Each structure stands twice: as C-alpha cells, then as structure tokens.
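Architecture and fold: a report
Below are the chains, spelled out letter by letter.
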Amino acid sequence: MHLTIDGRVVEAVPGQTVLEAARAAGIYIPALCYHPKTGKAGRCRACVVEVEGLRGLKESCALLVKDGMVVRTDTPKVLQTRRMIVELLLSEGHHNCISCQSNADCELQEMAYHLGIERPSYLVESLPTPKDMSSGGIVRDSDKCIQCGRCVVACQHGVVNQVLSFAYRGSHAQVVCDDDQPMGESTCVQCGECVQVCPVGALVLKQPLENKIRPHETTATKVTCPYCGVGCQIDLHTKDNRYAFAMAHEGQWDRQPNKGMLCVKGRFGLDYIDSPDRLRSPLVRKKGKLEKASWDEALDVVAKGLKAIQEKHGPDAVGFFTSAKVSNEENYALQRFGRALIGTNNIDHCARL
Amino acid sequence: MAGLATTLGSGAMTNSMEEVFKSKVLLVIGSNTTWNHPVFGSLLKRAVKQNGVKLIVCDPRRIDLVDFADIWLRHRNGSDVALLSGLQHIILRDNLEAADYIRERTEGFQDYKKSIDFFTPERVQKLSGVPVEDLEAAARLYATAGVGALYYCMGITQHSHGVDNVKSCVNLQLITGNIGVEGGGVNPLRGQNNVQGACDMGGLPNVFTGYQPVTNPAAVEKFSKYWNVPLSDRVGLTLTQMIPECGKKIHAIYILGENPMVSDPNLHHVEESLRKLDLLVVQDIFLTETAKMAHVVLPGVSFAEKLGTFTNTERRVQLSNPAIRPTGNVRQDYEIIADLALRFGQEFPRAPESLFQEIRDLTPSYAGLTYERIREVGIPWPCPTEDHPGTRFLHAGKFARGLALLTPVTYSPPAEETDEEYDLVLSTGRILEHFHTGSMTRRSQILDAAVKNGHVELHPEDAKKRGISDGDMVTVATRRGRIETSAMLTDRVDRGSIFIPFHFAEAAANMLTNDALDPIAKIPEFKVCAARLERIAVAALEQK
Ligand code: SF4
Ligand code: SF4
Ligand code: SF4
Ligand code: FES
C-alpha cells in the first residue's frame, strides 16, 4: 500500500505505523519514548503529525498506516508542538551537551537541532543531582532523564531483569533501581540494555566516559560474541585500533539470535582484546625456559618435532585439540592438518567440558 | 553429545531459541540459563511472563529462573535419570503420552516402557528427593499443556552417566510427541561460542566435517580425494583418553585456543600427563596455564581481529568481522596452520572465505551457505543449496535415522557418594560474570572488578554448624585434592550441598572434581562429587 508523507509517495506494509513507514523512507520524525525494541509508549508526543481527514495532532508511533493516507510532518502546528516539548525538556534538566557523554548521539539534541533551538527560552533553576556512579559499568545522571520510560520497559519486559521502575509522583517522578537503591547495590545484572535504549545521556557506559571516548568518534563493526553459545551479534566500537565499548547490533535485530540484547559478558567483557598480557611473539622453550623466537624458528621446531614423533611412534602418537573459541574456518584447517598431513584422527575439542 | 546422536541421528539442538514463544510449556533441566546463557534466559522469561508459556525448572540449586517457574523440582545432584524417568512413568501410567506419534515415528517402545516401570513416583521421590505430589503435577502439566520444549546444559551432560541423562531427555520428548515440531525439541544449550562449529568442523575423533564418519569408506574416499592424501579410517582418541596416554601412546599434542589445565577435571593429573610429552604446542592469545607448559607457543589473534564464521547453539552460522588490526608479531590462526602445512608439503588456503569454500564443498549441511548470504543475518544448517532458507527445527516429518529410538534407561547412582568424612555434595559450574577458565573475563576490567575471586556457595545452616560466617576463608577437600577459597552463605544451594565456580585458576575447582568418565561420551564428572569443608583458623591465616 501507499501513503503520502509531506508530498512524497511512500510505500508501506499493513500493520506498520506511520512513524515506521516514514523512517523506512528516510523521512525524519522524532520519537523520544518510542523505540523499535520497546515499542510505543505514548508518553512524549514528540512524534505527532497531521493527517488529512483526521482532527488534531496524531502520535505517529501509534498510528497505523492506511492506503492513501496523506500525512504532514512539517505543519506549523506540528513544529510548534515539537518546539514546546524540546524547550520544556531542555529547561527542566541539565542538558549541557558540551560535556555530555552522549553528545552527537542524543535524540533530544537531534530534535533540537532539527528545530533550530539554540537554548531554551526559559530555564528552571535547580541544583544538580549527583550522578549515580555506583555501578561497575553504567553511570546514571538523573538530571538528563526525560522520563521517556524506554529503560523501564526494556529492563522489565525486554531483558526481564525487573530492576528499573518509575517511583514517586508528579514532578518528583523518577526512574529508580529496586526500592531506589544506587544501581551498584541493586539487583541490576549490568546487561546494559537500558543504556542501549536511552535516547539521551541519562544512562551511559562508564568505561568510554572515563576514557574520554564519545560514540561519534568510534567505528562500529559487527562481531559475534566470543562467550556463550547464544552467539549474540555485537557492534564492537573501536577507536585508534583499540576497544572502546560494545553495543548490541540493532540491524535487523528481530531476526538476530539476541534480538538486540546482550548480557554483562558481551557488554563489558571484550576489553581483554587489548590486554597487556596478549602474546605478541612466538615462544620456544630453550634450556627449560620459554624465550621469544622468530616465526620461522618456532614453526620449524613444531614441524620437525611432529615429523620426528610421527616417524618414531606413528601418526597416532600425535593429538590435536581444536577449539570452541576459534572460527569454523580455523577448526576446519586444523583438523585437515591433523588428518591429512599427520594422518591421525586423534582430534577432539574441549566442548565435552 | 553422543546421547543425542545415537537416538536421533544428530547431535545438535533440534529447535531454535526464538521458538520458545511458540511453545506452550518449557522444561529446563541442568541449565542455570540466566547466568550461563543470559540473553536466552531473557527470552525464556519473556515467553513465560508475556506469552503465558508454562515453565518447569529442575535444578538442585535455587537458580534465578525458579522465580519464574510454575513448578520447581529440586532434585538431588545426579538424580536426573530418575527424575525424568519418573515423569515419564506417570505420563505413561495415566495414558497422557502421544500414542500416534510413538506408533508412527519411534521404535523400541516395549523395551523402553519396561525400563520405565521401575521408576514409580514413590521410588523416584526416594532417589531424587522430589515429593510425589510435585512429580505428579509436573508430569501432568508437561504432558497436557501442549507443545513442549526441553532445554538442558552441562548440568545434564557433565555426569558419569551423562549419556543416560540425555537419553532420558530424548525419551521424554518422544513419548510426548515433541520432536520435529515447532516450539518443541531437545535442546542442549552450548556453553561456548563455537562448540557447535567445532563439532560441525570435525573436531571429533570419529567424524569428518558434518558428522561424516571416519569409518565410512565413502567418506574417507571423498575427503582423501579432496585433500589429495590417503586418510586413516581408525577412530581416534578423545581428549580425556589422550591425557592419560601422554608419554605412553601419545607423544605430541597440539592445542588450539584451549586451556585444559584449568578446564579439565582432576587437574594434578592433567599437569603430570602433559609434562610427559615430547612436544606440546599451544596456539593461543594468552600465556595460559597450559601454554606455560608448552615447548612452543604460537600467538594467534582474538575474535576481534578475524574474519570468519561461528555456529551458535541453534546451528546458526554467523559471520564475524575484524574490528581491529592485529598488533605485534602475531599471525592469523589459519595462517599459522597454513605455514605448518607448507612444511609438510601442502598449500592450505590463506583466506577465510576460501577455507569456507572447502567446508561447503565437503559438507552437505553447509553447502548452501555463502559469506554473502549470512553477512547481515545468520542461517541455521542444514542448508544444502544456495536457495535453501536454512532449517529452524530438525526432524520435521522424518528423523535422520528414520525412526527415532526409544532407549531403555537404568538408574545408577553418582560415581561418588558422600560418607562421614566427605559429607557434602560438591558441584561446579559457571557464574554470570565469568566464563570458562577466566582467561578472557578475568582480563576484562569491569567483569574482573565485579567478581575478583573464587568462592564456595554454602547453605547458612551448614555454615553455622561449622562456625563459618559469610566471607570466611575455608578449605574444601575431596579425595583428589584441596583448595582454599572464601565462603558465600546463600540458600541458593540446598543443605548438604556446595557449589564452586570453576573460573579461578588459583583455586581451581577442578582440582577437586572426579574424573570418572561417562562410558560413551567421555565427559568427566563435573557436577557431583563428595567433599569436606572446614573453616581456616585465623591463626593459620595470619601465619601466611
Ligand atoms: S543494566 Fe540491565 S538489569 Fe541493569 S537496570 Fe539496565 S536493563 Fe536493568
Ligand atoms: S533514563 Fe533514559 S531511557 Fe530511562 S526514562 Fe530517563 S531518558 Fe528515558
Ligand atoms: S552477550 Fe552474553 S548471552 Fe550473548 S553470546 Fe555473549 S555471553 Fe552469551
Ligand atoms: S514517540 Fe510517539 S509518543 Fe513518544
């Protein structure tokens, strides 16, 4: 089916929302409470549009497409509403983008930018609330929280870790961990899903913050998590050829095994790749001690040693342990080496263990 | 996964993870899912909370999943066969089995049924500690709720009778008609990111890639033609058979990316054995406990530096990309192997995609997979042709071996039971924040800070009897060795039981464990052994 958005004819599939159809066509509609993984929440009204034949403004994150629908995202009324939302949010919190970890990776900032808002026209004076630094991997800055509720839905219904919820009422409403504990003392398991969905800088990763690396400086590469067998797809963010941080890969997230989620190991357990303990040279035992050696020397020792044992005791005197940690290609290569060039089927891996 | 292969003709998880949403009831046994496969744990919890899927958890420990369960069966360590067979006894007694399915798709029912007669609810209560009412309720729920999926992990396989455990799982799924259907299945959750792939690639002593037996002349001919060399058709030795043969039948071992010094049971023995080798080669990214013993250490690269495929627990083949360039005098793992092959007069491919092409040429279940097809979203094998979508669940309509085999099972007690001297049941496993031998997670800042040292989970009542408080240093001893660690008081473990995570080399739980082997799968007994626990006197600590 087709609909018209801002004069452009756009293709859509039944069941899609107007917001989804617009985004699929590359048309910008802001959305602060809606996220593909957490669904529509109807809290922020940032996504409102006008639809021909319908009265008033409609929330595009909840509005299902109809064939022939005519939608406008740029009427004065729409822009006025968006402007008010952004102004209010900016004035209520402490949104100092200059020092924010989420600078250039913030949906509120992006919205303000699109609207040409440079500073809020009124400011509510308030003292800053100290950040919650108690968690090993996550920093919470409640002054930047826009109460969109994504993190609550993600924690309650996405990863079902049931830590975050809204507490207190009215202007005191706040996202809390358990019974308002510091995150590090709560039942939080540090899966990081709340950070992943937070549209602003209210929930950020501690490691890049401390290392002064912001998301816009990094390169993301899709990798498979090296830990358990779920095989989560991860965007490994790097800077200057070093680990920066990890996010769940969200491309086609609903078709991936991890549905856009990670656990604490995939989220925080990848920095070992830069560990100073990494081996950086072949080693050969000389007079009882392992000493640095050239590749040629090391490989010659291995080849000569294997050949000698093969000749003296036969091929079945050699054994190979392949690995549940390396790729299929490498496992294949090693078993081919053992079978074809040594001549033994003494090949096993540690998976029984 | 020998148990699965003999009964179903294939050793992998039969169904996909996302099918939990299609199940009506789930039975999870021997898997602390939210710690060991946390993201799948989230999917499980979602299915229960949001889709109303029923959940039965069988575990001696009060794992987190218990909070989401409709029924929790706290069976004794090592009594899995009794428990599962007890459920089957009730299902058959009350005629709740899938009679048509049994008739059309299975064989061996009569002998199997006879073996199940033994497992009356009363007897099973005695053997497993699970009350008769709970057994009855669980059996009824499981057999009547609709399509049911069974998930298990190391808790099932790491026993001296792991193969019997797996057979009991398969039997349950067969008599309830739950194999070969969407949302059902027998699903072993793989513990490491490429266990499935390592098996698929022929990292086993009895098969080439894709489980083609080395004893099958046609397979031997095919591989020997492709590789252009004659090949052995003798089944090789397993890892746990090779270790004790070191210095006898085995004189050289080549280890790629593993650390058996920490992962193997009864560690003293492993160390002693490896010392008897004329040549120990370790190819790894760290100087692991095992690498420290090697004659030659070859530095490969981490997952983050390589292009290649990994096959997840649901058989899904996924492409992983290089995120950083290797630094230092290291080489890609496939290059190292190719460099060695050259010294034996053969040219191996030096690009992952060319190696993958060889895999496709030789392995029918991988034949239809290309890097291009799996670049964004992985595809589960079998995938025989390039226009095949891949296979989410196995055995639809027909089993690999024709009819599925219902196998008789017999109960045997754990290889080692408690006595007066060793009065506690020790089990080992993983915790959420760490992985396997800890060589990766303990070098990760945040994970290391989260849990720095090993510990032993101890029930508060058992602690009180011994005058132990939370955090006290204790010794844990078995007939094979002793370690020192700190006590963590928790009712996650039952009275009379203790649990030690095995990630910590300085207090390696595997110093304590039993190397009684499962007669067929050759999986060492990790889960159960008898132990003694004592507080270390403060004076003794200060002396150190
Ligand atoms: S890190 Fe995970 S468990 Fe912790 S609060 Fe966020 S979503 Fe919840
Ligand atoms: S912390 Fe972030 S995700 Fe949660 S409510 Fe606040 S702004 Fe939204
Ligand atoms: S992120 Fe966690 S659940 Fe996912 S593969 Fe890695 S270890 Fe497993
Ligand atoms: S995104 Fe639509 S109401 Fe918030």
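Since this is a predicted model, take the numbers as computed values, not measurements.

**Re the overall build of chain A**
Counting its secondary structure elements, chain A contains nine helices and 16 strands. What you see for chain A is a C-alpha radius of gyration of 27 Å, clearly larger than the 20 Å of a compact globule of 353 residues, by over 25%. Counting only C-alpha atoms and orienting by the principal axes, one finds that chain A spans roughly 90 × 50 × 35 Å. Looking at the 353 residues of chain A, the share that counts as buried comes to 59%.

**Focus on the overall build of chain B**
Within chain B, the regular secondary structure consists of 21 helices and 19 strands. Taking all 544 residues of chain B together, 64% fall into the buried category. Put simply, of all contacts in chain B between residues at least 6 apart along the chain, 70% involve residues at least 24 apart. In the structure as shown, chain B presents an accessible area of about 18500 Å², 49% of it carried by carbon and sulfur atoms.

**Details of the packing of aromatic side chains**
For the structure on display, the rule yields 16 aromatic pairs over all chains. Centre to centre, the rings of Phe320(A) and Phe337(A) are 5.9 Å apart; their planes meet at 80 degrees, and the pair counts as edge-to-face. Taken as a pair, Phe320(A) in strand β15 (residues 318-322) and Phe337(A) in helix α9 (residues 328-342) lie far apart in primary sequence, 17 residues in all. The class of Phe320(A) is buried, set by a relative accessible area of 0%. Residue Phe337(A) is classed as buried on the basis of its relative accessible area, which comes to 0%. Taking the centre distance of 4.9 Å and the plane angle of 85 degrees together, the rings of Phe118(B) and Phe119(B) count as edge-to-face. Accessibility expressed as a relative area gives 36% for Phe118(B), which makes it partly exposed. Judged by its relative accessible area of 0%, Phe119(B) is buried. Chaining the aromatic ring pairs together yields one cluster made of Tyr227(A), Tyr272(A), Phe286(B) and Phe303(B). Between Lys307(A) and the ring centre of Phe344(B), over which it is positioned, the NZ or CZ distance is 4.9 Å. Above the plane of the ring of Trp381(B) lies Arg315(B), whose end atom (NZ or CZ) is 5.7 Å from the centre.

**Some details on the nonpolar core**
Formed by 59 residues in total, the largest nonpolar core has its most connected members in Leu306(A), Phe337(A), Trp227(B), Tyr254(B) and Leu298(B). Not counting the four nearest positions on each side in its chain, Trp227(B) is found in contact with Tyr332(A), Gln335(A), Arg336(A), Arg339(A), Ala340(A), Phe208(B), Gln346(B), Glu358(B) and Leu362(B). By size, the runner-up hydrophobic cluster in this structure holds 49 residues, among which are Val160(A), Cys232(A), Leu262(A) and Leu189(B).

**A word on the interface of chain A and chain B**
At the junction of the two partners, chain A supplies 110 residues and chain B supplies 151 residues. Overall, the association of chain A and chain B removes approximately 11500 Å² of surface from exposure, summing both partners, and the carbon and sulfur fraction of that is 62%. Joining chain A to chain B, the criterion identifies nine salt bridges. A salt bridge links Arg443(B) to Asp277(A); the nearest nitrogen and oxygen atoms lie 2.7 Å apart.

**Structural notes on the domain arrangement of chain A**
In terms of domain boundaries, chain A breaks down into domain 1 (2-74), domain 2 (218-278) and domain 3 (283-352). Each of domain 2 of chain A and domain 3 of chain A has a C-alpha centre, and the two are 30 Å apart.

**What to know about the environment of Leu88(A)**
In this structure, Leu88(A) sits in helix α2 (residues 76-92). When the C-alpha atoms of Leu88(A) and Arg8(A) are compared, they prove to be 31 Å apart, with 80 residues separating the residues in sequence.

**Considering the sheet that holds strand β6 (residues 186-188) of chain B**
Strand-to-strand pairing in sheets goes through backbone hydrogen bonds, with the strands running parallel or antiparallel. Residue and element names in this part refer to chain B. If you walk across this open sheet you meet the five strands as β3-β2-β1-β5-β6, and the pairing is parallel. One side of each edge strand has no neighbouring strand; the edge strands of this open sheet are β3 (71-73) and β6. Across the sheet, the mean angle from the axis of one strand to that of its neighbour is 15 degrees, orientation sign disregarded. Sheet analysis places strand β1 (residues 25-29) next to strand β5 (residues 148-152), joined by five bridges and oriented parallel. In the sheet register, Leu 26 faces β5, and the bridge partner there is Ala 149.

**Let's talk about the site of ligand 3**
Surveying the vicinity of ligand 3 reveals the residues Cys225(A), Tyr227(A), Cys228(A), Val230(A), Gly231(A), Cys232(A), Leu262(A), Cys263(A), Lys265(A), Gly266(A), Pro38(B) and Val39(B). Ligand 3 sits at the junction of chains A and B, each of which supplies nearby residues. Elements with a contribution of two residues or more to the shell around ligand 3: α7 (264-268) of chain A together with α3 (38-51) of chain B. By residue class, the composition of the shell around ligand 3 is nine nonpolar, two polar and one charged.

**Brief notes about helix α7 (residues 121-128) of chain B**
An α-helical turn contains 3.6 residues, so a residue and the one three or four places further along point in the same direction. Residue and element names in this part refer to chain B. Within the span of α7, buried status applies to Pro 121, Val 124 and Ser 128. Taken end-on, α7 shows its buried residues confined to a sector of 60 degrees, consistent with a single buried face. For α7, the secondary structure elements touched by its buried residues are α4 (80-93) and α8 (132-144). A positive phi of about 80 degrees marks Gly 129, the residue just after α7.

**Examining the sheet that holds strand β16 (residues 347-349) of chain A**
A sheet is described by the order of its strands in space; here seven strands give the open sequence β14(A)-β13(A)-β9(B)-β8(B)-β7(B)-β15(A)-β16(A), paired in mixed fashion. Strand pairing shows two members of the sheet lacking a second neighbour, β14 (289-292) and β16 of chain A, which therefore form its edges. Strand-to-strand twist across the sheet, computed as the mean angle between neighbouring axes with direction ignored, equals 20 degrees. Both β15(A) and strand β7 (residues 252-256) of chain B contribute to a ladder of four bridges, which runs parallel. Directly across from Val318(A), in β7(B), lies its bridge partner Ala252(B). Together, β13 (283-286) and β15 of chain A together with β7, β8 (279-284) and β9 (296-299) of chain B form the strand contacts of helix α8 (residues 295-313) of chain A, whose direction differs from that of β9(B) by roughly 130 degrees. Seen against the sheet, α9(A) touches β15 and β16 of chain A together with β7 of chain B and runs at an angle of roughly 170 degrees to β15(A).

The rules behind each value
Residues numbered from 1 in each chain as written. Chains lettered and ligands numbered in written order. Predicted model: local features only at pLDDT ≥ 70, side-chain atom pairs only at ≥ 80, totals over all residues. Heavy atoms only, no water. Helix = DSSP H or I, 4+ residues; strand = E, 2+ residues; numbered from the N terminus. Rg over C-alpha atoms; globule rule 2.2 N^0.38 Å. Buried < 20%, exposed > 50% of the residue type's maximum accessible area, 1.4 Å probe, protein only. Contact = heavy atoms within 4.5 Å. Areas by Shrake-Rupley, 256 points an atom, 1.4 Å probe, with all protein chains shown as cover. Phe/Tyr/Trp six-rings, centres within 6.5 Å; stacked < 30°, edge-to-face > 60°. Lys NZ or Arg CZ within 6 Å of the ring centre and 35° of its normal. Core = buried A, V, L, I, M, F, W, Y, C linked by side-chain atoms within 4.5 Å. Buried area = accessible area lost by both parts, 1.4 Å probe. Salt bridge = Lys/Arg side-chain N within 4 Å of Asp/Glu carboxyl O. Domains from an automatic or database assignment. Pairing = 2+ DSSP bridges. Axes fitted to C-alpha atoms, helices over the stretch in contact; angles between N-to-C directions. Near = heavy atom within 4 Å. Nonpolar A, V, L, I, M, F, W, Y, C, P; charged D, E, K, R; others polar. Arc of directions from axis to C-beta.

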